[in-house]
There are 2 protein chains.
Amino acid sequence: MLIILDEETLLKVVGDRNVVKKQNATIYDVANRVGVSLATVSRVVNGNKNVRDSTKEKVLKAIDELGYQPNAVARGLASKKSTTIGIVMPDVTNLYYAELTRGINDVANMYHYDVLLTNTDDDPVRDVLAINSLESKQVDGIIFMGNELDQGVMKTIDALNIPVVLAGCVDAQKKLPSVNIDYINAFYEITASLLRHGHENVALVMGSLDEAINRDYRLAGYTKALNEVGRQIDEKFLFTTGRDYQKTLELAPKVVASGATAMIVYDDVVAVALLNYLHDHHFDIPGQMELVTSNDTNYSIISRPQLTSIAQPKYDIGAVAMRMLTKLMNNEDLKEQAVKLPHAIVQRQTTHELS
Amino acid sequence: MLIILDEETLLKVVGDRNVVKKQNATIYDVANRVGVSLATVSRVVNGNKNVRDSTKEKVLKAIDELGYQPNAVARGLASKKSTTIGIVMPDVTNLYYAELTRGINDVANMYHYDVLLTNTDDDPVRDVLAINSLESKQVDGIIFMGNELDQGVMKTIDALNIPVVLAGCVDAQKKLPSVNIDYINAFYEITASLLRHGHENVALVMGSLDEAINRDYRLAGYTKALNEVGRQIDEKFLFTTGRDYQKTLELAPKVVASGATAMIVYDDVVAVALLNYLHDHHFDIPGQMELVTSNDTNYSIISRPQLTSIAQPKYDIGAVAMRMLTKLMNNEDLKEQAVKLPHAIVQRQTTHELS
DNA sequence: AAAATTATTGTAAGCGTTTGCAGTAACTAC
DNA sequence: GTAGTTACTGCAAACGCTTACAATAATTTT
């Protein structure tokens, strides 16, 4: 014989309220208690106007009494919306992406979206897997960050029924909505400034040239400034490295050996490593070497001397990207596809007065 | 008259493959194509043995051809499992938590869980909201990080039908499984060491004393060391502050004014701020002031001088917490409820030789 | 006061899976 | 060959909600 105990009886048996986890109430329970249909309860839960005030109150009361919370999964299945977005990013541990993420998160919460987060370490294979997984979880939108939009990734995104916005990530084909700073100009400006100050040999330290953001943006800005004063790029001043402190420490002597007297660096971790190498080898900074980094994370304030940096509105890049995504999810049109947020050059201690 | 076009016809009309997003295939489509029932397809998808090999192959082939991907939401509703876990944390932007998160994420992915991430800025109200939201999304488990388990939060967790593991977060009542280092001993050791080296006045810089982790752990270890040499705590050497660079800069002169000749700091951002204050005011470190921090994030390597630190296996704390959670979600028993991972003291440049 | 309109509520068909149970086919042992 | 097993497969009922559409009640209009 099967005995089904009600909660109170069960309590007596078990003796400890904490052991008796109440089965979560369903919309059905609420409807029953009030004596209305599921549809009515659903309407009040979803803020539908077509409910008499008196009914609404009764339902609300019952919801409160039962501690009813709509089951988001069931909701998702029925409505095809999950009120969840996905973030695909290289690494939470990198301050640059962490701050973008923070911006995304805050705006997402503001619009009552939850956030599914995946680290892919810039591995296109994992990017694709992540996107597929997000699709199967029926996210309403995706924000993609990372150095490079691999072809396979692009294809996957293309086949998606879900809006995607890029944040701090460049799409050479300009097919996807994105939020960035004007990388070309930023690198142009800082290079030009350094050249104006008499530097003959300005090193550029970037990520892989296979990535559009380095090749077509950072390097392009640098080249433009050089060309403008009638000079060509000299490969010996070009360096590439991953965002890794230790590895960059190994790269440092090579940069020094190149004869550069100034360097522009694409990432703060990399810049700090170079700076510390110079510091530990008693270089005079900025006397012997000027140094500009480009993400303006906490690192550039914390380092001694403090790093002059291209400042990006990181939090805002994330926030704006997320805001755009909400519009897309809402089938609204975007005014701009490729949003460029303003950047600045923050003068600190690793350069002389800039202008 | 309503005309429903098949994809190919639609293609001819629209002319652009990219505009025709294929409707995702369902389990039903697969079953139809092979000529078996839904149940059979479901079985092969879920790796159930009871399927003849030849059938299995046919199904697999159809799945491949249709590009079928199970709908995780429907699955979740039917099976009551979401293969998703939730993380509730103060702030992704804090390197300490970011590294824990990284550990959690990697292990979660290893076990094919996705991760829902919420920042709550240590606000108990938002903690509760986040947990409720996660519950309604039917996550299979939750990892909670943060300074303090507020009463309300505790209550919410108690009422949950979902396993929760704490990471880098202390539960004074020891009711919840958790992963930490042995904070008491860590702070005891470093304090004792500093005392042995002749410091009369050792400052302790922590977060709020309302939080158990500060009051009952960090302070307790510090006190123990003091008592051991027959001394009492002197309130004038106790300082509390949030994890904020600028605010700590304001606190710094007070710490100096206290007459302390050594300080133990609970967070790297805070420690770096203090260090930089001292550096910028030309203090001799460690000559005039020794400084120990306690999270050993990148900051302590990047700062100049580099920070001596209590080293925590941050990534592993996250990883182990997640591993424990998988067991709990699998209804396995835990060997230990409160796991303590080993810590170490990493000697760098802000202290003299320790012992 | 009947008709027309509008506001409110209920009915029931999904949404795409999983899964217990029942049925059928294939195999084994006698 | 028959009974007893075992291996496969299918049926159909959930899971908890949303949402057309239909039905009823309340209100206005004439």
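Residues numbered from 1 in each chain as written. Chains lettered and ligands numbered in written order. Predicted model: local features only at pLDDT ≥ 70, side-chain atom pairs only at ≥ 80, totals over all residues. Heavy atoms only, no water.

Student: Would you mind going over the sheet that holds strand β7 (residues 238–240) of chain A with me for this structure?
Tutor: Through backbone hydrogen bonds, the strands of a sheet pair up, either in parallel or in antiparallel fashion. Residue and element names in this part refer to chain A. Taken in spatial order, the six strands line up as β7-β6-β8-β9-β10-β12 in an open sheet, and their pairing is mixed. Of all the strands in the sheet, the pair left with one neighbour each is β7 and β12 (344–346). Neighbour-to-neighbour, the strand axes of the sheet open up by a mean angle of 20 degrees, direction not taken into account. Bridge analysis of strand β6 (residues 202–206) against β7 gives three bridges, and the strand direction is parallel. Residue pairing across strands places Met206 opposite Thr240, the latter belonging to β7. The sheet contacts of helix α9 (residues 183–196) involve β6, β8 (262–265), β9 (290–293), β10 (308–311) and β12, and relative to β8 the element is tilted by about 170 degrees. The strands touched by helix α10 (residues 212–228) are β6, β7 and β8; relative to β6, the strand with the most contacts, the crossing angle is about 165 degrees. (Pairing = 2+ DSSP bridges. Helix = DSSP H or I, 4+ residues; strand = E, 2+ residues; numbered from the N terminus. Axes fitted to C-alpha atoms, helices over the stretch in contact; angles between N-to-C directions. Contact = heavy atoms within 4.5 Å.)

Student: I would appreciate a short explanation of the protein's contact with DNA strand D in the present structure.
Tutor: The immediate surroundings of DNA strand D are formed by 27 residues, with A:Ile27, A:Ser42, A:Tyr68, B:Arg43 and B:Thr55 found nearest. Within the backbone of A:Asn71, a nitrogen or oxygen atom sits 3.0 Å from a phosphate oxygen of DNA strand D. B:Leu77 places a main-chain nitrogen or oxygen 3.5 Å from a base oxygen of DNA strand D. Contributions of two or more residues to the surface near DNA strand D are made by α3 (38–45) and α5 (72–79) of chain A together with α3 (38–45) and α5 (72–79) of chain B. In terms of residues, the surface near DNA strand D owes the most to one element, α5(A), which gives four residues. Residue composition of the surface near DNA strand D, by class: eleven nonpolar, ten polar and six charged. (Near = heavy atom within 4 Å. Polar contact = N/O pair within 3.5 Å; in protein donor to acceptor, adjacent residues only side chain to side chain. Nonpolar A, V, L, I, M, F, W, Y, C, P; charged D, E, K, R; others polar.)

Student: What exactly am I supposed to notice about the packing of helix α6 (residues 95–110) of chain B against helix α14 (residues 314–329) of chain B here?
Tutor: Helix-helix packing: each pair is described by the crossing angle between the helix axes and the interaxial distance. All names here are of chain B. Axis separation between α6 and α14 bottoms out at 7 Å; the angle between their running directions is 40 degrees. The angle between α6 and α14 falls in the class oblique. Here α6 and α14 pass one another in a crossing that is right-handed. Contacts between α6 and α14 involve Tyr96, Glu99, Leu100, Arg102, Gly103, Ile104, Asp106, Val107 and Ala108 from the former and Lys314, Tyr315, Ile317, Gly318, Ala319, Met322 and Arg323 from the latter. Counted by class, the contact of α6 with α14 contains nine nonpolar, two polar and five charged residues. (Parallel < 35°, antiparallel > 145°, perpendicular 65-115°, else oblique. Left-handed = near helix turned anticlockwise from the far one by under 90°.)

Student: How should I be thinking about the domain arrangement of chain A in this particular structure?
Tutor: It is common to give the size of an interface as the accessible area lost on bringing the parts into contact. Domain annotation of chain A identifies domain 1 (7–66), domain 2 (82–181 + 315–341) and domain 3 (183–313). Computed from C-alpha atoms alone, the centre-to-centre distance between domain 1 of chain A and domain 3 of chain A is 61 Å. (Domains from an automatic or database assignment.)

Student: Would you take a moment to explain the protein's contact with DNA strand C for this structure?
Tutor: Lining the immediate environment of DNA strand C, one finds 28 residues, of which A:Ser37, A:Arg43, A:Thr55, B:Ile27 and B:Ser42 sit closest. Of all DNA strand C atoms lying within 4 Å of any protein atom, the proportion belonging to sugar or phosphate reaches 62%. Taking A:Arg52, its main chain carries an N or O atom lying 2.9 Å from a phosphate oxygen of DNA strand C. Of all elements in the fold, only α3 and α5 of chain A together with α3 and α5 of chain B reach the threshold of two or more residues within the surface near DNA strand C. Residues that form the surface near DNA strand C fall into these classes: twelve nonpolar, eleven polar and five charged.

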